[in-house]
Amino acid sequence: MIDITQFQSLGLPFHSIILLVLYFIIGIYAIFTAILYYHWNEYASYKKVTTYTLGLYFTTTLPLLIIMTILAFTIN
Amino acid sequence: MLFEKIQLDAEEVVLKTVRKHWFIIVTELFGVFSMFLFPFFILFIVAIFPNLLDSLNLNLAHYTALISFAIAGWSILTLMSGFMIWTHYYLDHWIITDRRIILVDQVAFFNRNVSMFRLERLQDIKFSIDGVIPTFLNFGSLKAETAGNSESNFSSTGLPDPRGLQAIIQKAMDDRISAIHMHPEELI
């Protein structure tokens, strides 16, 4: 049977690749969130819409990010 | 907030705020939603036809954590795309007041411009509705030319009811010019 965790790219162990992917996504997420937060606070006309949008953004993405982080440290 | 930045005049009245037509955001969000569902669709296909993976001798049950990790990552990226589209849609808009047109436009995700055009400086305003769907749903582009160099011209696509919008701007422009003729000190 194929064991895909045995594939090694660039000589890195599989767990390190998973962690790299996680850090990459966290990095993109942090930059994107900062820009999103700035734009909604600077250019939105109504505070209520800003609150709803940012609230929805964090409630949908943060749990996924937490799940990813937990899984990244459990995958060997 | 935007209105603190713009600082409308004391007696300035907002006549209309316009965003792109709903069809624009629905089509864009539909694409993102399809991408969001893509891994679930693949899993669904694999669940219906388990023999597909027999040739690879691959048992997905052993990789539940890895698959969940990949799906979570994919979901975050597609959700970010969705919020980017919503941001682009909601924050880019035209504010038409009885004295000027304020155009909030996103040049890039890092860059958003707020431009203002005095109605008395407007020279021409044109609209166009091209295509079957825009004609059916009544949306199109609007181009305004101002006195001065061509850099101060502005245009936007996918605006709802461009004909009505043109009429509102034209009327506001005529009213503004009449007001200035009666009270020239307002021009200062």
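Refer to the structure presented above.
Residues numbered from 1 in each chain as written. Chains lettered and ligands numbered in written order. Predicted model: local features only at pLDDT ≥ 70, side-chain atom pairs only at ≥ 80, totals over all residues.

## Examining the overall build of chain A
1) Next: Counting secondary structure elements, chain A contains 2 helices and 0 strands.
2) Next: Burial status across chain A gives 16% buried among its 76 residues. (Helix = DSSP H or I, 4+ residues; strand = E, 2+ residues; numbered from the N terminus. Buried ≥ 20, exposed ≤ 12 C-beta atoms within 10 Å, placed from the backbone.)

## Observations regarding the interface of chain B and chain A
How large an interface is tends to be reported as the accessible area lost when its parts come together.
1) Next: Facing 27 residues of chain B, the contacting portion of chain A comprises 29 residues.
2) Next: Listed by contribution, the elements that provide at least two residues to the side of chain B that touches chain A are helix 1 (2-6) and helix 3 (64-91) of chain B.
3) Next: For the side of chain B that touches chain A, the leading source of residues is helix 3 of chain B, giving 15 residues.
4) Next: When its residues are assigned to classes, the side of chain B that touches chain A shows 20 nonpolar, 6 polar and 1 charged. (Contact = placed C-beta atoms within 7 Å. Nonpolar A, V, L, I, M, F, W, Y, C, P; charged D, E, K, R; others polar.)

## Structural notes on the sheet that holds strand 6 (residues 139-146) of chain B
All names here are of chain B.
1) Next: An order of 5-6-7 is seen for the 3 strands of this open sheet, with the pairing classed as antiparallel. Two strands close off the open sheet at either side, each with one partner strand: strand 5 (122-128) and strand 7 (154-160). Recorded for the sheet is a direction-independent mean angle of 20° between the axes of neighbouring strands.
2) Next: Sheet topology places strand 6 next to strand 7; 5 bridges connect them, and they run antiparallel. In the strand pairing of strand 7, Lys143 is matched with Ser155.
3) Next: Seen against the sheet, helix 5 (residues 162-182) touches strand 5, strand 6 and strand 7 and runs at an angle of roughly 170° to strand 5. (Pairing = 2+ DSSP bridges. Axes fitted to C-alpha atoms, helices over the stretch in contact; angles between N-to-C directions.)

## Regarding the packing of helix 2 (residues 47-74) of chain A against helix 3 of chain B
The angle between the axes and the distance between the axes are what describe a pair of packed helices.
1) Next: The interhelical angle for the contact between helix 2 of chain A and helix 3 of chain B, taken along N-to-C directions, is 160°, at an axis separation of 9 Å. Taken together, the axis directions place helix 2 of chain A and helix 3 of chain B in an arrangement best described as roughly antiparallel. Regarding helix 2 of chain A and helix 3 of chain B, the two cross each other, and that crossing is left-handed. Where helix 2 of chain A abuts helix 3 of chain B, its residues A:Val49, A:Thr53, A:Tyr57, A:Thr60, A:Thr61, A:Leu64, A:Leu65, A:Ile67, A:Met68, A:Leu71, A:Ala72 and A:Thr74 lie against B:Ala65, B:Ser68, B:Phe69, B:Ala72, B:Gly73, B:Ser75, B:Ile76, B:Leu79, B:Phe83, B:Trp86 and B:Tyr90. (Parallel < 35°, antiparallel > 145°, perpendicular 65-115°, else oblique. Left-handed = near helix turned anticlockwise from the far one by under 90°.)

## Considering the nonpolar core
1) Next: Grouped together as the largest cluster of nonpolar side chains are 24 residues, with contacts concentrated most on B:Trp94, B:Ile96, B:Ile101 and B:Ile169.
2) Next: Sorting the residues of this core by element identifies helix 1 (14-43) of chain A together with helix 3, strand 2 (93-97), strand 3 (100-108), strand 6 and helix 5 of chain B as the ones contributing at least two each.
3) Next: Sequence-distant contacts of B:Ile101, defined by excluding residues within four places in its chain, comprise B:Trp94, B:Ile96, B:Phe117, B:Leu119 and B:Ile169.
4) Next: Judged by nonpolar contacts, the second largest core, of 13 residues, contains A:Leu22, A:Tyr57, B:Phe69 and B:Ile76. (Core = buried A, V, L, I, M, F, W, Y, C linked by C-beta atoms within 7 Å.)

## A few points about the packing of helix 1 of chain A against helix 3 of chain B
1) Next: At a minimum axis distance of 11 Å, the contact between helix 1 of chain A and helix 3 of chain B shows a crossing angle of 20°. It follows from the interaxial angle that helix 1 of chain A and helix 3 of chain B lie roughly parallel. Once helix 1 of chain A is placed against helix 3 of chain B, the crossing between them reads as left-handed. Facing helix 1 of chain A, whose interface residues are A:Ile18, A:Val21, A:Ile25, A:Tyr29, A:Phe32, A:Leu36, A:His39, A:Trp40 and A:Tyr43, helix 3 of chain B presents B:Phe69, B:Gly73, B:Ile76, B:Met80, B:Phe83, B:Thr87 and B:Leu91.

Purely geometric stuff here, so don't read any function into it on its own.
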